[in-house]
Amino acid sequence: PYQVRDQAAVVDLWKNCGLVVAYRVTRKEQNILIETNGIKIHCELSGQADAPVVVLSHSLASSMVMWEPQLAMLASDFRVLRYDMRGHGASDVTKG
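Residues numbered from 1 in each chain as written. Predicted model: local features only at pLDDT ≥ 70, side-chain atom pairs only at ≥ 80, totals over all residues. Heavy atoms only, no water.

(A) Structural detail: the overall build of the protein chain. Each helix and strand in the protein chain was counted, giving two helices and five strands. When the elements of the protein chain are put in sequence order from the N terminus, they spell out α-β-β-β-β-α-β. Counting the 96 residues in the protein chain, one finds 31% classified as buried. Taking as baseline every contact in the protein chain between residues at least 6 positions apart, the subset at least 24 positions apart corresponds to 50%. (Helix = DSSP H or I, 4+ residues; strand = E, 2+ residues; numbered from the N terminus. Buried < 20%, exposed > 50% of the residue type's maximum accessible area, 1.4 Å probe, protein only. Contact = heavy atoms within 4.5 Å.)

Listed below in structure tokens is the structure:
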């Protein structure tokens, strides 16, 4: 499997593909807005930059916020990628 440990390389790859439309870094996390096919998806990277990546996907009728209780524990050992699925949280709601 392909592993990327440097989040800057991941964001650069997304930017080069024309997917990242907004990128904001705060003290604890990186908020990323990815656009593909006209749909914006909200993502957040937290945790140790050089650690293995864990991807957290929420259930229907929820958002990435559901992972808040587990985030501190996971972020101490992993790079945590959370995202809001289409139509949930801060991601775009599509027509139809």
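(B) Spatial organisation of the side chain of His 88. Among the secondary structure elements, His 88 is positioned in the segment after β5 (79-83). In terms of polar contacts, His 88 uses its side chain to reach the backbone amide nitrogen of Ala 61, at 3.3 Å. In contact with His 88, not counting residues within four places along its chain, are His 58, Leu 60, Ala 61 and Ser 62. (Polar contact = N/O pair within 3.5 Å; in protein donor to acceptor, adjacent residues only side chain to side chain.)

(C) Examining the nonpolar core more closely. One finds Ile 32, Ile 34, Ile 39, Ile 41, Cys 43, Leu 45 and Leu 81 forming the largest nonpolar core, which totals seven residues. Those elements that place two or more of their residues in this core are β2 (29-36) and β3 (39-47). For this core, the leading source of residues is β3, giving four residues. Not counting residues up to four positions away in its chain, the partners in contact with Ile 39 are Ile 34, Arg 86, Asp 92 and Thr 94. Grouped together as the second largest cluster of nonpolar side chains are five residues, Leu 56, Leu 71, Ala 75 and Val 80 included. (Core = buried A, V, L, I, M, F, W, Y, C linked by side-chain atoms within 4.5 Å.)

(D) Expanded view of the pairing of β3. The buried fraction of β3 amounts to seven of the nine residues, a majority that puts the element mostly inside the structure. Both β3 and β5 contribute to a ladder of five bridges, which runs antiparallel. Following the sheet pairing, Ser 46 is matched in β5 by Val 80. (Pairing = 2+ DSSP bridges.)

(E) Main features of the pairing of strand β4 (residues 53-57). Two elements, β4 and β5, share five bridges in a ladder whose sense is parallel. Along β5, the bridge assignment pairs Val 53 with Arg 79. In this view, the connection linking β4 to its parallel neighbour β5 by way of helix α2 (residues 68-75) has right-handed handedness. (Right-handed = clockwise from strand over helix to strand, strands pointing away.)

(F) Up close: the pattern of salt bridges. One pass over the full model with this rule turns up two salt bridges. Between Arg 82 and Glu 44 there is a salt bridge whose closest N-O contact spans 2.4 Å. Of the two residues, Arg 82 sits in strand β5 while Glu 44 sits in strand β3, which places them 38 residues apart along the sequence. Here Arg 82 matches Glu 44 in class, with each residue buried. With its nearest N and O atoms 3.0 Å apart, the salt bridge here joins Arg 82 to Glu 68. Taken as a pair, Arg 82 in strand β5 and Glu 68 in helix α2 lie far apart in primary sequence, 14 residues in all. One network of salt bridges, in which partners are shared, links Glu 44, Glu 68 and Arg 82. (Salt bridge = Lys/Arg side-chain N within 4 Å of Asp/Glu carboxyl O.)

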